[in-house]
Amino acid sequence: MNQHENAHADKSVDTLTTDTATRRDFLKAGAVVAGATLAPGVLFYGVAHSRPAEEPASKAVRWGMLINTQKCGDGCKSCVTACNEENGLSGKTGPQDSQWIRKVDIRNLQTGAHHELPMLCQHCENPPCVDVCPTGASMKRADGIVLVDRHICIGCRYCMMACPYKARSLVHEPLTEQKPDVPRGMGCVEACTFCVQRVDRDEAPACVDACTQAGHNAMLFGNLNDAEGPIAKALKSMASTEVRADLNLNTGVRYQGI
Amino acid sequence: MMAKSLLKRGIGVMLFAVGGLLAPLSVAQAGVDVPKLPPAKGASKCVEDTDFMRRNHMDLLKHHRDDTLRLGIRTTKHSLKGCVECHASEKTGSVAANKEDFCVACHSYASVKLDCWGCHATKPAQKSAQKPAGHPSAVSGSTRAGGDK
Ligand code: SF4
Ligand code: SF4
């Protein structure tokens, strides 16, 4: 919570010391946006209990996401763009390009009901990708975030075949200009990390912030284990679905309205 | 008796070996072809003694990478990102863009292949000069850094 206040103070200092008009305007716009994100942000900090750097992730927390497909904007791709920007993905959507989050259209042919929703790694509690990985590179962190340890991934792609959600991609070509917080490289499989680099410093994943900033508020991120937290409360009070619940994977990502 | 003379001979061999190790070093100090490393910026001192780092940086990094990735421990003292922030050269802004840059200079001298840079960024995160100051990750990055050792 401290960090949050600091972050805010930093911003106002910056606003005061900038001197070019365009920059100031930009910052003003930024401040408005920051205000908009404040509400979910506060909720998020409320459940996160900022973890000191030397403390490992804890089993007491399970990170999860609730996506309201009724609120997801028609044709809006803010979450996808924000993910690409945060994680240094190219944004291309060819068969060999990495996509960590995609917008999916679903339509009921009988009733004509139409929804859009973002699809990403569901951070399964019982992840098939981890089951099949021959090297131990696919792994689940104590707080439920499923990751690939690129140091030992051999690029065999078993996990890609095992994932029911097509959530994983293989990096086919050498990469340059990676983000310092998000190492990625040729020959390794990768997928959504829930922006683990942001979560570890008490921020929500980039897609969630972007959705809020775009005014849709369709994505909620938080600790599923915190009964008083916003996400557990929402899950308790509203009907929600796991995609392919029949597989018993107990996904960390849940959907409303489908 | 036998044992004693063997021991003596052993010591002789060891001394010879040490002499052998030292000889190229003194030549090197005379300025033959030791790598010239670009100066580190930032802190005046490395996180560990230079001699220790020369021999053990790979072990520290390997240990740290497992702690960070698998356990979520985010201390910055032995993080690769920290190395890059201090050791990126003035000229290229990178630790591995050309032969004179910090990592490459030494590794090509020692003839040890480097795999880190297939995935990791060789340049420090761009500071607010390039990135808008209001960027959330830039802001919290700086507040977080203060809390770490
Ligand atoms: S959604 Fe796919 S990649 Fe993500 S944890 Fe489940 S099986 Fe693994
Ligand atoms: S591609 Fe990598 S992470 Fe996936 S199963 Fe093979 S070794 Fe494991």
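Residues numbered from 1 in each chain as written. Chains lettered and ligands numbered in written order. Predicted model: local features only at pLDDT ≥ 70, side-chain atom pairs only at ≥ 80, totals over all residues. Heavy atoms only, no water.

Once that is clear, we can look at the overall build of chain A. Tallying secondary structure elements over chain A gives 8 helices and 9 strands in all. In chain A, which comprises 258 residues, the proportion classed as buried is 47%. Restricting the contact set of chain A to residue pairs at least 6 apart, pairs at least 24 apart contribute 62%. By element, 54% of the accessible surface of chain A is carried by carbon and sulfur atoms, the whole surface being about 12,700 Å². (Helix = DSSP H or I, 4+ residues; strand = E, 2+ residues; numbered from the N terminus. Buried < 20%, exposed > 50% of the residue type's maximum accessible area, 1.4 Å probe, protein only. Contact = heavy atoms within 4.5 Å. Areas by Shrake-Rupley, 256 points an atom, 1.4 Å probe, with all protein chains shown as cover.)

The local shell around ligand 1 consists of Cys 121, Gln 122, His 123, Cys 124, Pro 127, Pro 128, Cys 129, Val 146, Cys 163, Pro 164, Tyr 165 and Arg 168 of chain A. A per-class count over the shell around ligand 1 returns 9 nonpolar, 2 polar and 1 charged. (Near = heavy atom within 4 Å. Nonpolar A, V, L, I, M, F, W, Y, C, P; charged D, E, K, R; others polar.)

Residues and elements named next belong to chain A. One way to put it is that helix H3 (residues 78-87) packs onto helix H7 (residues 206-213) with a least axis distance of 8 Å and a crossing angle of 135 degrees. With respect to their mutual orientation, H3 and H7 come out oblique. Of the two possible hands of crossing, H3 and H7 adopt the one that is right-handed. Two secondary-structure elements touch here, H3 through Ser 78, Cys 79, Ala 82 and Glu 86 and H7 through Ala 206, Cys 207 and Ala 210. When grouped by side-chain class, the residues that make up the contact of H3 with H7 number 5 nonpolar, 1 polar and 1 charged. (Axes fitted to C-alpha atoms, helices over the stretch in contact; angles between N-to-C directions. Parallel < 35°, antiparallel > 145°, perpendicular 65-115°, else oblique. Left-handed = near helix turned anticlockwise from the far one by under 90°.)

Residue and element names in this part refer to chain A. Alternating residues of strand S9 (residues 253-256) divide into Val 253 and Tyr 255 and Arg 254 and Gln 256, and every residue in both groups is buried. Taken together, the 4 bridges between strand S1 (residues 63-68) and S9 define a ladder with parallel strand orientation. Note that in S9 the partner of Ile 67 across the bridge is Tyr 255. (Pairing = 2+ DSSP bridges.)

This part takes up the sheet that holds S1 of chain A. Sheet strands pair by backbone hydrogen bonding; their relative direction is either parallel or antiparallel. Residue and element names in this part refer to chain A. On the basis of which strands lie adjacent, the open sheet formed by 3 strands has the order S8-S1-S9 and mixed pairing. The outermost strands of the open sheet, each flanked by one partner alone, are strand S8 (219-223) and S9. Taking the axes of each pair of neighbouring strands and ignoring which way they run, one obtains an average angle of 20 degrees across the sheet. Bridge count between S1 and S8: 5 bridges; the pairing is antiparallel. Directly across from Trp 63, in S8, lies its bridge partner Asn 223. Sheet contacts for H7: S1 and S8; angle to S8, the most-contacted strand, approximately 135 degrees.

Attention now moves to the nonpolar core. Residue and element names in this part refer to chain A. Counting residues in hydrophobic clusters, the biggest one holds 37 residues, and the most contacted among them are Met 65, Ile 101, Leu 120, Phe 194 and Met 219. Residue assignment for this core shows that the elements contributing at least two residues are S1, H3, strand S3 (114-120), helix H6 (196-199), H7, S8 and S9. Sequence-distant contacts of Met 65, defined by excluding residues within four places in its chain, comprise Leu 120, Phe 194, Pro 205, Cys 207, Val 208, Met 219, Leu 220, Phe 221, Ile 231, Gly 252, Val 253 and Arg 254. Cys 133, Cys 159, Leu 170 and Val 189 belong to the second-largest nonpolar core, a separate cluster that totals 10 residues. (Core = buried A, V, L, I, M, F, W, Y, C linked by side-chain atoms within 4.5 Å.)

This next bit is on the environment of His 123 of chain A. Residues and elements named next belong to chain A. Relative to the helices and strands, His 123 resides in the loop between S3 and helix H4 (128-132). When the C-alpha positions of His 123 and Asn 223 are compared, they lie 13 Å apart, and in sequence the two are 100 residues distant. Not counting residues up to four positions away in its chain, the partners in contact with His 123 are Arg 62, Gly 144, Ile 145, Val 146, Cys 192, Thr 193, Phe 194, Asn 250, Thr 251 and Gly 252.

Predicted coordinates in regions of low pLDDT should not be interpreted in detail. Residue and element names in this part refer to chain B. Per-chain confidence: chain B averages 73 in pLDDT, with 62% of residues scoring 70 or above. By mean pLDDT, helix H5 (residues 136-147) is the weakest element of chain B at 31, and helix H2 (residues 50-71) is the strongest at 95. Contacts from residues 1-7, a stretch scored under 50 in pLDDT, to residues over four places away or in other chains number 0 contacts. Of the regions scoring below 50 in pLDDT, residues 128-149 engages in 35 contacts with residues more than four places distant in sequence or in other chains. Quick note on the complex model: pTM equals 0.76, ipTM equals 0.78. (pLDDT = per-residue confidence, 0-100.)

Among the 6 residues of S1 of chain A, 6 are classified as buried, and the element is accordingly described as predominantly covered. The alternating pattern of S1 of chain A places Trp 63, Met 65 and Ile 67 of chain A and Gly 64, Leu 66 and Asn 68 of chain A on opposite faces, both of which are buried.

The subject of this paragraph is the environment of Glu 125 of chain A. Residues and elements named next belong to chain A. You can see Glu 125 is positioned in the loop between S3 and H4. Taking the C-alpha atoms as reference points, Glu 125 and Ile 106, 19 residues apart in sequence, are found 25 Å from one another. Contact partners of Glu 125, with chain neighbours within four places excluded, come to Arg 62, Lys 140, Leu 249 and Asn 250. A polar contact of 2.5 Å, which involves the side chain of Glu 125, links it to the side chain of Asn 250. (Polar contact = N/O pair within 3.5 Å; in protein donor to acceptor, adjacent residues only side chain to side chain.)

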